[in-house]
Amino acid sequence: MKTFNDNAGRTWTIAVNVDAIKRVRSLLEVDLLEIVEGKLIEKLIRDPVLLCDVVYAVCKPEADAKSVSDEDFGRSMAGDAIEHATKALLEDLVGFSPSPRDRANLQRVLATTWNVMDRARDLIEQRIASGELEKVVERALATAGSSSGAAPESSESTPAS
């Protein structure tokens, strides 16, 4: 089990088990066992709204006990809360796998995913710091200004029919 805090200061416990997987399937038609194929990790990371829906479904018994609706939960999820929820969900999902070999492979996939994301963020930060991004934007703006196309010919220069 993993925990994270939402932006309302509530602590949530992620417990991926058979009951939670069945609940997510039933409520969202998302099969958390697709993590083995590798596509689910990317899908959840790329779609924070889907991720928060999945987290809410996993935490639904706790949310019901706290009288927190889906909408209230969603309003409290942004920024760091989503990142912490993502890590908690994916790490607990990896731990759910019944096969030690699958768990080890999924842990490597997850570690590689975090590493690649960190490297991509580092690259973006380097480009911003170097001014490279600003230069690309300036070139694009300069090109856009000069490639607006020629004005249509005036009626004086257009042959009459």
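Bear in mind the structure is a predicted one, so any value in this text is a computation, not a measurement.

Rules used throughout
Residues numbered from 1 in each chain as written. Predicted model: local features only at pLDDT ≥ 70, side-chain atom pairs only at ≥ 80, totals over all residues. Heavy atoms only, no water. Pairing = 2+ DSSP bridges. Helix = DSSP H or I, 4+ residues; strand = E, 2+ residues; numbered from the N terminus. Salt bridge = Lys/Arg side-chain N within 4 Å of Asp/Glu carboxyl O. Buried < 20%, exposed > 50% of the residue type's maximum accessible area, 1.4 Å probe, protein only. Arc of directions from axis to C-beta. Contact = heavy atoms within 4.5 Å. Phe/Tyr/Trp six-rings, centres within 6.5 Å; stacked < 30°, edge-to-face > 60°. Lys NZ or Arg CZ within 6 Å of the ring centre and 35° of its normal. 1 Å grid on protein atoms, 1.4 Å probe; cavity = no way out; pocket = protein on both sides within 12 Å on 5 of 7 lines; lining within 4 Å. Points joined across faces, edges and corners; volume = space filled by probe spheres on them. Nonpolar A, V, L, I, M, F, W, Y, C, P; charged D, E, K, R; others polar. Patch = residues over 30% accessible without salt bridge, like charges linked within 9 Å, V, L, I, M, F, W, Y side chains within 5 Å. Areas by Shrake-Rupley, 256 points an atom, 1.4 Å probe, with all protein chains shown as cover.

Chemist: So what about the pairing of strand β1 (residues 2-5)? Which residues, and what values?
Modeler: The pairing of β1 with strand β2 (residues 11-14) spans four bridges and is antiparallel. When the sheet's bridge partners are listed, K2 is paired in β2 with I14. Hairpin connection, β1 to β2: the antiparallel pair is bridged by five residues, and G9 has positive phi, about 85 degrees.

Chemist: Describe in detail the pattern of salt bridges, supporting the description with residues and values.
Modeler: Going through the model one piece at a time under the given rule, you end up with eleven salt bridges. Here K2 and E91 are joined by a salt bridge, their closest N and O atoms 3.9 Å apart. Within this pair, whereas K2 is found in strand β1, its partner E91 is found in helix α6 (residues 80-96), the two being separated by 89 residues in sequence. By relative accessible area, E91 is classed as partly exposed at 33%. Salt-bridge contacts for E83 lead to K87; the nearest nitrogen and oxygen are separated by 3.6 Å. With E83 and K87 both in helix α6 and four residues apart, the pair spans about one turn of that helix.

Chemist: Can you tell me about helix α2 (residues 39-46), naming the residues and giving the values?
Modeler: For an α-helix the count is 3.6 residues per turn, leaving residues at separations of three or four pointing the same way. Among all positions of α2, only L40, I41 and L44 are buried. Down the axis of α2, the buried side of the element spans an arc of 105 degrees, and every buried residue falls inside it. Exposed and oriented more than 90 degrees from the buried face of α2 are K39 and R46. Where α2 is buried, its residues touch α3 (48-58), α6 and α7 (100-130).

Chemist: Please set out the packing of aromatic side chains residue by residue, giving values where relevant.
Modeler: One pass over the full model with this rule turns up two aromatic pairs. Plain terms: the ring middles of W12 and F73 are 5.2 Å apart, the flat faces sit at 80 degrees to each other, and that makes the pair edge-to-face. Highlighted residues: W12 in strand β2 and F73 in helix α5 (residues 70-75), separated in sequence by 61 residues. The class for W12 is buried, based on a relative accessible area of 0%. Measuring from centroid to centroid gives 5.3 Å for Y56 and F73, while their planes differ by 55 degrees, and the two rings are tilted. Taken together, the residues span a long stretch of sequence, with Y56 in helix α3 and F73 in helix α5 at a distance of 17 residues. Taken individually, Y56 and F73 each receive the classification buried, so the pair is uniform in this respect. Through a chain of ring-to-ring contacts, three or more aromatic side chains come together here, namely W12, Y56 and F73. The ring of W12 has K66 lying over it, and the distance from NZ or CZ to the ring centre is 4.2 Å.

Chemist: Let's hear about the layout of surface pockets: which residues, and what values?
Modeler: The calculated volume of the largest pocket comes to roughly 180 Å³. For the largest pocket, the full set of lining residues is L44, I45, P48, I82, E83, T86, K87, W114, M117 and R121. Where the lining of the largest pocket is concerned, the elements lending two or more residues are α2, α6 and α7. Here the lining of the largest pocket gets four residues from one element, more than from any other, and that element is α6. Here the lining of the largest pocket is built from residues that sort into six nonpolar, one polar and three charged.

Chemist: Requested: an account of a nonpolar patch on the surface, with residues and values cited.
Modeler: Taken together, I124, I128 and L133 make up a surface patch of nonpolar side chains, about 280 Å² in accessible area. Secondary-structure assignment places I128 in helix α7. I128 gets classed as exposed once you look at its relative accessible area, which sits at 55%.

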